[in-house]
Each structure stands twice: as structure tokens, then as C-alpha cells.
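# Overview (structure and organization)
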Amino acid sequence: MREPSDDSRGSIAARNERGADRDAESDRGASSDPFVVAERSLDLTTGEAAFTYRLGDDEFTERLVLDTEHVAGVDLARLDAALDLVHLVMGTSYYKLRAPGRVTVTRPLTAAQLAVAEAAYTHGLGEFAAVNRLPVPHAVQFDVELRPADPPPADAAAGGALLPVGGGKDSALALVVVTPATALAINPTGAQRDVTAAAGVPLIGVRRRLDPLLAERTRAGGLNGHVPVTAINSAISTLVAVLGGFGPVVFANERSADEETLEVDGARVNHQYSKSYEFERLFAAAAAELDVGYFSLTRQLSELATVAAVAALPGLREEILSCNRSYTQEHLGGRATQRWCLHCDKCLFTFLCFAVFLTPEEAVAMFGGNPLEDTSLADGFRVLWATEKPFDCVGERAESAAAMAHLARSTAWGGFPVVRALGEEAASFAAVTGATVAGFLEPHGPHAVPPAYLESLQRVLAEARPPVR
Ligand SMILES: CC(=O)N[C@H]1[C@@H](OP(=O)(O)OP(=O)(O)OC[C@H]2O[C@@H](n3ccc(=O)[nH]c3=O)[C@H](O)[C@@H]2O)O[C@H](CO)[C@@H](O)[C@@H]1O[C@H](C)C(=O)N[C@@H](C)C(=O)N[C@@H](CCC(=O)O)C(=O)O
Ligand SMILES: Nc1ncnc2c1ncn2[C@@H]1O[C@H](COP(=O)(O)OP(=O)(O)OP(=O)(O)O)[C@@H](O)[C@H]1O
């Protein structure tokens, strides 16, 4: 067993306190033990990593099985730091059982790592706090020693770009734009294998196993809710990049991930916080300390712009699967069939976007059905532009309204019952905001995409499908 060294380089005590509701949070924290980010280990011969946490009398260990075929000349200081990042953000799943508002980290952290942890526990658990009626923003006090970052290693990464793939439209676009590349799926399912195979890109898999005690404690009444899963996937991807000499790590998080899902007393709550540009910049700073580049290729794109490009890729578009109901724990390891459910918010949103660029026949061939025929789903479409968006990965409110308004004006889709029912309402909403499909096809907003990747993206976008008439 080789375990990265325990490091206690030059330290500055840091007690970090944040958030408007600190007093209430402190009261809650005082009545329960802090959450402890405890030991972790990695066996480089088997690829098995274990990350341990303590909460009161409970001890939890989450496990990863990494692909040891892709281990190349590992720098142990970088490996230590990469393991620390994983350990920190993965802890959100166990912390949330009681959300004590205090976290003790046993190993020293750099300021950039601490900033990632603060963001993941405070804003990344924002939806969790809101649904559990905890104060928002969720203030968390970290008890940790700070250490300086290590000097950058002499050798630059030579393994090429690493593309984490979710199986949906965004990472499918990245698979086409970034070549050559190696894809990475965390808990790979059939959908992720199919889409990477269709793109002809080699795939690495990482197995992630939650501690079974988590489900037991949740069933027994522990708090539950969304965790910042993109933060977890980002940290695991960075660990794989360090182990295999890959870089940069290229995510496909779109512009709409920056739009809040709802506001609570003026505080923004965002289901997709760890896909936001704010989080990307914090995480990129911590990854840079490991000499790993990290950015989102599709940061300037709306969902409609991504879909226009993917719609033009027959052969690939039929392989994607964006329905989150197909990615629950019971689907991991192929124990349940993966398909579009055509009822959840994400299915309805994704269908709506593809309808803008496909004929009804093409859309039915891709999705296996047409929810715009079913008036019982009208409310499901309407919430996509409601003041409180669904807690799911759906685009901007104005984008959904503009898409529905476009369908209402089209010959291809205008006659379907849901479009007839909602077209006028969507057009009024879109008119208030000035939103049009054409406007959403223009890339804009801040991004950190290096020029060579931006040029490749622009070449693929130039072949995108125009909206249907
Ligand atoms: C697949 C899914 O959407 N799951 C969300 C759902 O959980 P559910 O109970 O329906 O199924 P499982 O995912 O199997 O979870 C079982 C229990 O385990 C807990 N858990 C799971 C993963 C994890 O990393 N930590 C955990 O503690 C979970 O809480 C369950 O008790 O509802 C949950 C509560 O709202 C969500 O947290 C589950 O979301 C998963 C973590 C997940 O992977 N979701 C992605 C599909 C997702 O939401 N992606 C976002 C990205 C935004 C972000 O980065 O936060 C998106 O597409 O917008
Ligand atoms: N299981 C996973 N393994 C590796 N990377 C993932 C995984 N799930 C998501 N990602 C990464 O996180 C990003 C955001 O996830 P998201 O689910 O929004 O994207 P997607 O699956 O590509 O598209 P869609 O929005 O259509 O589902 C993905 O683009 C991908 O880079």
C-alpha cells in the first residue's frame, strides 16, 4: 500500500466564517459535532482509493476504483493535493445528513482549495438548504490550517485533453470538437459508452461507491437533498488527469448554468451552482496548482446553440441520453434500462430544444415519443419559464419561452396540441424579455476557453442546423 505523505508544510491557522445567517448556523453547529474530513488513501497498484469522514459517532468511507492502466510518472505532491480536492468536495454527501455548519479538515489546504470547499458547501448545497428550510446562504465555518501551494512540476502533462462525459448533449458536442482526446465517465453507464463509441473516442471509467451507511442514515431521518455533483466530478477528473498525465480537463457546462433556480430572501439558489462560471474559476485556480488546465468548452453557449450543433450530427444525436432519471444509482452498472422518460423537466426541456431544429419525425426517432402531443404535459412545459425554475438541468426561462414561441410559429410543429395551448403565452413571455431563438444562437458571456479550442468549437458550430420553419 502506498499512501501519499501526510503533509504539514508551513501553516497559517485559518478560521473561516461566512454568510448572513451565521448566528443561526452557529447555534445549530454548537449543538452538534463538526463534520470531519478525516483520512484518505490510494493504492496505486490496485487503483483503489478510500475517503473517510466522521459525523458524530458515525464514520463513512466513500471508495473510488481508478483505472491503473492510465498511471504515468506520478508526482506525489500533486497527487496529494488532487486527493485532498476529491476528499473535500465528496464530503458534501455525508455532511448533509446533519449539516452542522462546521467542517474540520485534518490536512492543511491551500487558499485555492479552501475557496473551492467553501463554495461547494455553501452555494453547492444551496438547493439542499432551501428545500430543508435551513438559512440561505448556507454558512459553513471551516477549521483548517492553510499551507502555501507547491511549486509547479517541471514536466508538463503530455497525455492530451481529458473529456468527462455525462452521456448528454453537452459532452457529446465536446467529443466532436476536442480531438484527439480521452473521455472519462464516472460510474459509466451504457449511454456514456454508446455516445463515446459513436464519437470514436477512447473511454476511461472510474467507479464511485457511496458508503452504504449514507442510505441507511438517510432512511433513518437524516437530511437529504442535492449535492454539487459537478464539483465532485471535477475533482475526480483532476485526480485522473494527475495520475494519467492528462490535461486540460474539458467540461461542457453551458451558459444557463449561471441562472439561479430561485431566490430565497434575496439570496440566489442555483441547482447547477457547481456548473457555474463562478465555480469554474475557483476550481480552475485549485487545478492550476496541480498544473492541470480546467475549463468549460461550452460556457458561452446557450442550450439551444448546443442542440443546434448536436442536431446536425446524426449518428451521434441518437446516442445521447440527457434524462437524469436514467442516471440514478440503480442504473449504475447496467442494473436498469436507460431511456428518455419524456415526463421529467429535463426530458421536456431537451425535447423542446431539439424540436426547434428537427422535424417531428426526426425528433420521435431520437426520443421514442412526442410529449408535445400530450396536453397532460402542458404544465410540465410551462414551468420551464416560471419564476421558480424546476430543480433540474434546464436552460434559461427566456430560452424555453423563445423555443416554444418559435414552434408555435412553425408549420412543422405549430399544430401539436401542447404548442397550440402554450404558444401565445410563451410568445408573450419571450416578447417581454426580447428573447428569440436567433438571439440564443449567438455565443456570448465570459469564458476561459483557450483560443485553439475556441476555433475548433466555432468550426463545428458553423455546421449547426438552422431552426425548422
Ligand atoms: C440521478 C439524479 O438526478 N439524482 C438526484 C436525485 O437522487 P435520487 O434519490 O433520485 O437518486 P440517486 O442519484 O440514485 O441518489 C440516491 C441517494 O444518494 C444520494 N447521493 C447520490 C449521489 C451523490 O453523489 N451523493 C449523494 O448523497 C442522494 O441524495 C440520494 O439520497 O435527487 C438527489 C436529491 O436532490 C440529487 O442529489 C441526485 O443528484 C445526483 C447527485 C446526480 O448525480 N445528479 C446529476 C444528474 C445532476 O443533478 N446533475 C446536475 C449538475 C448540477 C450540479 O453540478 O450540481 C444537472 O444535470 O443539472
Ligand atoms: N458521470 C459523469 N462522468 C464524467 N463527467 C460527467 C458525468 N456527468 C456529467 N459529467 C460532466 O459534467 C458536465 C455537466 O453535466 P450535464 O449532465 O449537464 O451534461 P451532459 O450529460 O453532457 O448533457 P445534458 O445536459 O444533456 O445531460 C458534462 O458535460 C460532463 O462534462
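Keep in mind it's a predicted model, so treat the numbers as computed, not measured.

Attention shifts here to the site of ligand 1. Around ligand 1 sit 21 residues, and of these Ser93, Thr230, Thr328, Gln329 and Cys393 come closest. Of all elements in the fold, only α8 (212-219) and α9 (229-244) reach the threshold of two or more residues within the shell around ligand 1. Broken down by element, the shell around ligand 1 gets its largest block of residues, three residues, from α9. Of the residues assigned to the shell around ligand 1, the class counts are eight nonpolar, 12 polar and one charged. Summarising the domain contributions, the shell around ligand 1 has at least three residues from each of domain 1 (12-149 + 156-296) and domain 2 (303-461).

Attention shifts here to the site of ligand 2. What surrounds ligand 2 is a group of 20 residues, the closest being Pro164, Gly166, Gly168, Ser171 and Ser322. Counting only elements with at least two residues in the shell around ligand 2, the list comes to α6 (169-177), β8 (181-186) and α9.

Looking now at the pairing of β8. In the case of a regular strand, side chains alternate between the two sheet surfaces. Among the six residues that make up β8, six are buried, leaving the element largely enclosed by the rest of the structure. The two faces of β8 match: Ala181, Ala183 and Ala185 on one face and Thr182, Leu184 and Ile186 on the other face are all buried. Bridge analysis of strand β7 (residues 161-164) against β8 gives four bridges, and the strand direction is parallel. Looking at the pairing, Leu162 lines up with Thr182 of β8. Once the chain exits β7 it traverses α6 before rejoining the sheet at β8, and the crossover so formed is right-handed. With four bridges connecting them, β8 and strand β9 (residues 203-209) associate as parallel partners. What sits directly across from Ala185, in β9, is Gly205. Remark: the β8/helix α7 (residues 190-199)/β9 crossover connection has right-handed handedness.

So, on to the domain arrangement of the protein. Often the size quoted for an interface is simply the accessible area lost on bringing the parts together. In terms of domain boundaries, the protein breaks down into domain 1 (12-149 + 156-296) and domain 2 (303-461). The C-alpha centroid of domain 2 is placed 27 Å from the C-alpha centroid of domain 1. Of the residues lining the interface, 31 residues belong to domain 1; the matching set on domain 2 comes to 35 residues. Put simply, the parts of the chain that give the side of domain 1 that touches domain 2 at least two residues each are α6, α7 and α10 (277-288). Tallied by class, residues from the side of domain 1 that touches domain 2 come to 13 nonpolar, 10 polar and eight charged.

This part is about unusual backbone geometry. Following Val136, the chain continues to Pro137 via a peptide bond in cis, the omega torsion being 0°. Here Pro137 lies in the loop between α5 (126-131) and β6 (141-146). With an omega of -10°, the peptide bond between Thr179 and Pro180 qualifies as cis. Of note, Pro180 is situated in the loop between α6 and β8.

To continue, consider the packing of helix α15 (residues 397-409) against helix α16 (residues 417-433). The N-to-C vectors of α15 and α16 enclose an angle of 130°; their axes lie 7 Å apart at closest approach. The orientation of α15 with respect to α16, classified from their angle, is oblique. The two elements α15 and α16 cross, and the hand of that crossing is left-handed. Residues Ala398, Ala401, Ala402, Met404, Ala405, Leu407 and Ala408 of α15 pack against Val419, Leu422, Gly423, Ala426, Ala427, Phe429, Ala430 and Thr433 of α16. Taken together, the residues of the contact of α15 with α16 break down into 13 nonpolar, two polar and no charged.

Rules used in this analysis
- Residues numbered from 1 in each chain as written.
- Chains lettered and ligands numbered in written order.
- Predicted model: local features only at pLDDT ≥ 70, side-chain atom pairs only at ≥ 80, totals over all residues.
- Near = placed C-beta within 6 Å.
- Helix = DSSP H or I, 4+ residues; strand = E, 2+ residues; numbered from the N terminus.
- Nonpolar A, V, L, I, M, F, W, Y, C, P; charged D, E, K, R; others polar.
- Domains from an automatic or database assignment.
- Buried ≥ 20, exposed ≤ 12 C-beta atoms within 10 Å, placed from the backbone.
- Pairing = 2+ DSSP bridges.
- Right-handed = clockwise from strand over helix to strand, strands pointing away.
- Contact = placed C-beta atoms within 7 Å.
- Axes fitted to C-alpha atoms, helices over the stretch in contact; angles between N-to-C directions.
- Parallel < 35°, antiparallel > 145°, perpendicular 65-115°, else oblique.
- Left-handed = near helix turned anticlockwise from the far one by under 90°.

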